[in-house]
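Structural features, examined
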Amino acid sequence: MMILKRGISTAIQSVRRLKSMLLTTYHRKFIQPKSWQKSPEYHSYLDLQLQRTILKKDSALPKRAIDMIDEVTQHINLTEHESMLCIGARNKAEIDYWRNLGAKNVIGIDLFSEDESVLVMDMHQMTFPDQQFDLIYSSHCLEHAYDIQQVVGEILRVSLPGAAVIIEVPIRYQTKGADLIDLGSCENLISLFGDHVNEVIFCGEEISTYGSFSVARTIFKLK
Ligand SMILES: C[S@@+](CC[C@H](N)C(=O)[O-])C[C@H]1O[C@@H](n2cnc3c(N)ncnc32)[C@H](O)[C@@H]1O
């Protein structure tokens, strides 16, 4: 009986892996990296991120993200913002949560999508025109960057002057697999944006109650 159960479990895992591989190959064609990104290393990077995303594509919005969003809305007045970008939304759940709180014109991006609320787009090379959003949000995504300064450059490019930026990343954790970057502190996170930061509204670090890692969370306004 035990052997049969183990066999079934191994077979299910193999089918899942195969499904994830096929979906990854299919969805990669929607991401068109710039020529500098077309290195084998960059392709491996995208595959790694995509595989993990596809395995988690139907996950509900985690309690960690719900608590963070609820806290953030105590510092940000959503009615003052006209257009919001969610980087690394994973699926529609994050977008819906913001919309239900009153955020206007919310759009997400991720490497994979099954809903029009989330556009398939690489955060290193967004296809939005300059100066599109006055609210940018990214929860647990920047640590997946291949080139974090390139991503910061894209955030700055698509932000309107005076836009508010909300970011949370894990810190002081063991990087592995798709988790590539440990920024170490909230100050380091903010310093990625250099002179473009006008006003820091919130900068905090805490041990996450949802896993064995700490998080850095910040809200700031751009110049
Ligand atoms: C840990 S999930 C975060 C999901 C959700 N925001 C949350 O807080 O739970 C990270 C997301 O970032 C996405 N991601 C990773 N690399 C990306 C890239 N280069 N461009 C866009 N999204 C990316 C992944 O596909 C994944 O859905």
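Residue indices begin from 1 for each chain and proceed along its sequence in written order. Reporting in this predicted model follows two pLDDT cut-offs: at least 70 for local features of residues, and 80 or more for side-chain atom pairs to be given and counted; totals over whole chains, interfaces and linings ignore these cut-offs and use all residues. With hydrogens and water set aside, each side-chain value is computed from the structure's full complement of heavy atoms.

A word on the domain arrangement of the protein chain. A common way to state how big an interface is: give the accessible area lost once the parts meet. Here the bounds of each domain stem from an automatic or database domain assignment. If you check the domain split of the protein chain, you get domain 1 (2-55) and domain 2 (63-222). Centre-to-centre, using C-alpha coordinates, domain 1 lies 24 Å away from domain 2. Defined in terms of a 1.4 Å probe, buried area is the accessible area two parts forfeit on being brought together, summed over both. When domain 1 packs against domain 2, the two sides together hide about 1,700 Å² of surface, and 61% of this comes from carbon and sulfur. Here, a salt bridge means any Lys or Arg side-chain nitrogen found within 4 Å of an Asp or Glu carboxyl oxygen. Run the count over domain 1 and domain 2 and you get 1 salt bridge.

The periodicity of an α-helix, 3.6 residues per turn, causes residues three or four positions apart to be oriented the same way. Compared with an ideal rise of 1.5 Å per residue, which puts 16 residues at 22 Å, helix H2 (residues 40-55) spans 23 Å between its outermost C-alpha atoms and is within 8% of the ideal. When we look at burial in H2, the residues that qualify are Tyr42, Tyr45, Leu46, Gln49, Leu50, Thr53 and Ile54. Burial along H2 is one-sided: seen end-on, the buried residues are contained in an arc of 150°. Away from its buried face by more than 90 degrees, H2 exposes Pro40, Glu41 and Leu55. Under the DSSP-based scheme used, a helix requires at least four consecutive residues in state H or I and a strand at least two consecutive residues in state E, with every element numbered from the N terminus. Multiplying one less than the number of residues by 1.5 Å gives the expected span of a helix. Think of it in three bands: residues with accessible area under 20% of the maximum for their type are buried, residues over 50% are exposed, and the middle band is partly exposed, with areas taken using a 1.4 Å probe on protein chains only. The arc in question is formed by the directions pointing from the helix axis toward the C-beta atoms.

How two aromatic rings sit relative to each other is set out by the distance from centre to centre and by the angle between their planes. The pairing test for Phe, Tyr and Trp rings, Trp by its six-membered ring, is centres within 6.5 Å, and the orientation test on the planes gives stacked under 30 degrees, edge-to-face over 60, and tilted for anything in between. Scanning the entire structure with this criterion turns up 6 aromatic pairs. On the numbers, 5.3 Å between centres and 45° between planes, the contact of Tyr42 with Tyr45 is tilted. Linking Tyr42 with Tyr45, this pair stays in helix H2, spanning 3 residues, or about one helical turn. Between Phe128 and Phe133 the ring centres are 4.9 Å apart and the planes differ by 85°, which places this aromatic pair in the edge-to-face class. In this pair, the class of Phe128 matches that of Phe133, namely buried. The rings of Tyr42, Tyr45 and Tyr146 are connected pair by pair, giving a single aromatic cluster.

Turning our attention to the state of the cysteines. Note that a disulfide, as used here, is simply two cysteine sulfur atoms within 2.5 Å. Within this structure, the stated rule accounts for 1 disulfide. The disulfide partner of Cys186 is Cys203, and the gap between their sulfur atoms is 2.5 Å. Within this pair, whereas Cys186 is found in helix H6 (residues 186-191), its partner Cys203 is found in strand E6 (residues 197-207), the two being separated by 17 residues in sequence. A relative accessible area of 32% places Cys203 in the partly exposed class. Lacking any disulfide linkage, Cys86 is separated from the closest cysteine sulfur, that of Cys141, by 11 Å. Taking relative accessible area as the criterion, Cys86 reaches 0% and is therefore assigned buried.

Here the focus is the packing of helix H1 (residues 2-28) against H2. Every axis in this analysis is a line fitted to C-alpha atoms, fitted for helices over the stretch in contact. Angles between the N-to-C directions lie between 0 and 180 degrees. Interaxial distance between H1 and H2 falls to 9 Å at its minimum, and their mutual angle equals 125°. As summarised for this structure, H1 and H2 are arranged oblique, according to the angle between their axes. Of the two elements, H1 crosses H2, and the hand of that crossing is right-handed. Two secondary-structure elements touch here, H1 through Ser20, Leu23, Thr24, His27 and Arg28 and H2 through His43, Asp47, Leu50, Gln51, Ile54 and Leu55. The scheme is simple: roughly parallel for angles under 35 degrees, roughly antiparallel for over 145, roughly perpendicular for 65 to 115, oblique for anything else. We call a crossing left-handed when the near helix sits turned anticlockwise from the far one by less than a right angle, and right-handed when that turn is clockwise. Note on contacts: a residue pair is in contact if any heavy atoms of the two residues lie within 4.5 Å.

This part takes up the site of the ligand. Only a single heavy atom is needed: when it lies within 4 Å of a molecule or strand, its residue is near that molecule or strand. Looking at the ligand, there are 19 residues lining it, with Thr53, Arg64, Glu94, Asp110 and Ser139 nearest. Taking 590 Å² as the accessible area of the ligand by itself, protein coverage stands at 96%. Buriedness of a pocket was judged along seven lines, with at least five required to meet protein on both sides within 12 Å; pockets are open sets of points on a 1 Å grid over the protein atoms alone, cavities are sets where a 1.4 Å probe fits but cannot get out, and lining residues have an atom within 4 Å of a point. To qualify as sitting in a cavity or pocket, a molecule needs more than half of its atoms within 2 Å of the grid points. Here the ligand is seated within the largest pocket. With 4 residues, H2 is the single largest residue contributor to the shell around the ligand. Residues that form the shell around the ligand fall into these classes: 6 nonpolar, 7 polar and 6 charged. Areas reported as accessible are Shrake-Rupley estimates using a 1.4 Å probe. Residue values count occlusion only from the protein chains shown. Classes in brief: Ala, Val, Leu, Ile, Met, Phe, Trp, Tyr, Cys and Pro nonpolar; Asp, Glu, Lys and Arg charged; the others, Gly included, polar.

As a further point, take the side chain of Ser185. With respect to the helices, strands and loops of the structure, Ser185 is situated in the loop between strand E5 (159-171) and H6. For Ser185, a relative accessible area of 13% translates into the label buried. Within the local environment of Ser185, its side chain forms a polar contact with the backbone nitrogen of Asn188, the two atoms lying 3.1 Å apart. With residues near it in sequence (within four places) discarded, Ser185 still touches Ile171, Glu205 and Ala216. Two N or O atoms form a polar contact when they lie within 3.5 Å of each other; inside protein one atom must be a possible hydrogen donor and the other a possible acceptor, and for residues adjacent in sequence the pair counts only when both atoms belong to side chains.

Each pocket or cavity is described by its volume, and for the largest pocket that value is around 830 Å³. Together, 40 residues line the largest pocket, and Arg52, Arg90, His140, Glu143 and His144 are the ones closest to its centre. Among the elements that make up the lining of the largest pocket, the one with the highest residue count is H2 (5 residues). Here the residues of the lining of the largest pocket sort into 19 nonpolar, 11 polar and 10 charged. Residue assignment places the lining of the largest pocket across two domains, with domain 1 (2-55) and domain 2 (63-222) each supplying three or more. Grid points are joined across faces, edges and corners, and a volume is the space filled by probe spheres set on the points.

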